[in-house]
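Understanding the architecture of this molecule
Letter by letter, the chains look like this.
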Amino acid sequence: GAGGAFGGFSLGRADASASARFDDTTEPALSVTGDEPGFGGEALPCHGEHQAGIVSVPATNVRHIAYRLRDETDRASLAGMFRVLTGDIEALTAGVGPLADPEPELAARPARLSVTVGVGAGLVDRVDPRLRPAWLAPLPKFEHDELGHGFDGGDLLLIVQADDPLPVAHAARMLHRDLDRFAEVAWVQQGFRQSRGSEASDHTMRNLMGQVDGTVNPTPEEDDFDEVMWVDRGDGQAWLAGGSAFVLRRIRMELDSWDRVDRPGREQTMGRTLSDGAPLTNPTGGEHAPVDFDAKNALGLPVISSAAHIRRAHSVDRRERIVRRAVNYDDGNEAGLLFGCFQRNPLTQFVPIQRRLDEADLLNEWVTHTGSAVFAVLPGFKSGEILGATLLA
Ligand code: HEM
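This report concerns the structure included in the present document. Bear in mind the structure is a predicted one, so any value in this text is a computation, not a measurement.

**A short note on the nonpolar core**
Phe82, Val117, Leu123 and Leu158 are the most contacted members of the largest nonpolar core, which totals 66 residues. The contact partners of leucine 158, leaving out residues within four places of it in the chain, are Arg63, His64, Ile65, Tyr67, Leu85, Val115, Thr116, Val117, Leu175 and Leu179.

Next comes the structure, spelled out in structure tokens:
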């Protein structure tokens, strides 16, 4: 799956739920406006060992913006670009208009705004091709891919997210104002989850096929989370230690034909119930009941089909797992999933999983991958440091 969603993440009062589930990986949101009602005044710290917006409680509005570097942007100008970007991110996420913001009022209620920055192969190559990890390249071709709609690749990625669309729009505009000299927009993909407050704080999101999406997903509470999530010094590119790899797949859903499938058929496609996402091997056990992939029905057939999405997507090797963080998209003509996922190495994580899905997932009849991009998510930065400094050192 689509993944993602709130999967395993609790939403709601960021101070309470985020600190409970992410204790040492995510700082709780601070209030920038004192005790005013609503969550608009909550600010998520942008500093830390890892960038913000990766393991934090997923936000409602998520805009992915990819840039292509201008021909004249060289290594020296990239240093300037990251300096400006760092200042903008520090200001905006704290609820302050960045330098020369004509409308700082639009920055004042950040609603947990975060800006997560990734770099593509083209940017790293412009610094020094020897610094590029092997996985920072277009993904291998999958049989069912229909790419080439203008949503592929990119040199720089901004993931701008908040619980309110207004700070997202304002931040994107301020960042663009400062990036314009160095790069031009390659593509923008905007997604959403159910609004904060519309469901209980520990609710897993639903995608537009109606499925509970994001149930089985690594969380920072697990001992081996770091191993699947963060690039390590030993991986060969010391500048990226503490960073991660982000894969974004634009996946179109054929909702009209999906809606014509009967309910048992839709549930068998996934291996889970539509009502609450319980495994078909324990349909009354609730969303988080363990899945029994060996269970057989009275006819001796597997209860969870050999081509059910959760069987094909499941990783027996825990190191193969990915951290899904998908959002829905719906532009009025087309709907689907912006399947974003983090991992340490897409070639040993996303790719083998997607190969199994491409080969035989029952879901393939209703979903088509129409965009694909891979980015290296920069390590976090402290106050006084510059984002991307290790790459340009
Ligand atoms: C599980 C939906 C694409 C990887 C799931 C689940 C749903 C779902 C409903 C079950 C609940 C859960 O654990 O989250 C979808 C939809 C997709 C899609 C609608 C496309 C539109 C993908 C892709 C990948 C993926 C492209 C990775 C290549 C996974 C994984 C699981 C999962 C790893 C958990 C499997 C396990 O139980 O161990 N998906 N998914 N999904 N999906 Fe997807």
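**A closer look at helix α4 (residues 165–179)**
For α4, with 15 residues, the first-to-last C-alpha span of 21 Å sits near the 21 Å given by 1.5 Å per residue. Looking at α4, one finds that the buried residues are Pro167, Val168, His170, Ala171, Ala172, Met174, Leu175, Asp178 and Leu179. The elements touched by buried residues of α4 are β3 (61–69), α2 (75–93), β4 (114–119), β5 (156–162) and β6 (183–192).

**Topic: the pattern of salt bridges**
All chains considered together, the criterion is met by 24 salt bridges. Glutamate 359 is the partner of arginine 312 in a salt bridge, and the nearest nitrogen-oxygen pair spans 3.3 Å. With arginine 312 in helix α8 (residues 309–313) and glutamate 359 in helix α9 (residues 350–360), the pair connects residues that are 47 residues apart, well separated along the chain. Members of the salt-bridge network, linked through shared partners, are Glu42, Arg112, Asp163 and Arg196.

**Focus on helix α7 (residues 263–270)**
Residues of α7 that are buried include every one of Gly265, Arg266, Glu267, Thr269 and Met270, and no others. Where the residues of α7 are buried, they touch α6 (255–259) and α8. For α7, the N-terminal capping position is held by aspartate 262, with its side-chain oxygen 2.8 Å away from the main-chain nitrogen of glycine 265.

**Comments concerning the packing of aromatic side chains**
Within this structure, the stated rule accounts for five aromatic pairs. The interplanar angle of 45 degrees and the centroid separation of 4.8 Å between the aromatic rings of phenylalanine 246 and phenylalanine 342 together place this pair among those described as tilted. Taken together, the residues phenylalanine 246 in strand β7 (residues 244–253) and phenylalanine 342 in strand β10 (residues 335–343) connect sequence positions 96 residues apart. For the pair shown, phenylalanine 246 and phenylalanine 342 are each scored as buried. Arranged with centres 6.3 Å apart and planes meeting at 50 degrees, the rings of phenylalanine 339 and phenylalanine 350 form a pair that is tilted.

**Let's talk about the side chain of threonine 116**
Along the chain, threonine 116 falls in strand β4. Looking at threonine 116, its side chain comes within polar contact range of the main-chain oxygen of alanine 52, at 2.7 Å. If we ignore the near neighbours within four places in the chain, the residues touching threonine 116 are Gln51, Ala52, Gly53, Ile54, Leu157, Leu158, Ile159, Gln161 and Val377.

Calculation criteria
- Residues numbered from 1 in each chain as written.
- Predicted model: local features only at pLDDT ≥ 70, side-chain atom pairs only at ≥ 80, totals over all residues.
- Heavy atoms only, no water.
- Core = buried A, V, L, I, M, F, W, Y, C linked by side-chain atoms within 4.5 Å.
- Buried < 20%, exposed > 50% of the residue type's maximum accessible area, 1.4 Å probe, protein only.
- Contact = heavy atoms within 4.5 Å.
- Helix = DSSP H or I, 4+ residues; strand = E, 2+ residues; numbered from the N terminus.
- Expected span 1.5 Å × (residues − 1).
- Salt bridge = Lys/Arg side-chain N within 4 Å of Asp/Glu carboxyl O.
- Polar contact = N/O pair within 3.5 Å; in protein donor to acceptor, adjacent residues only side chain to side chain.
- Phe/Tyr/Trp six-rings, centres within 6.5 Å; stacked < 30°, edge-to-face > 60°.

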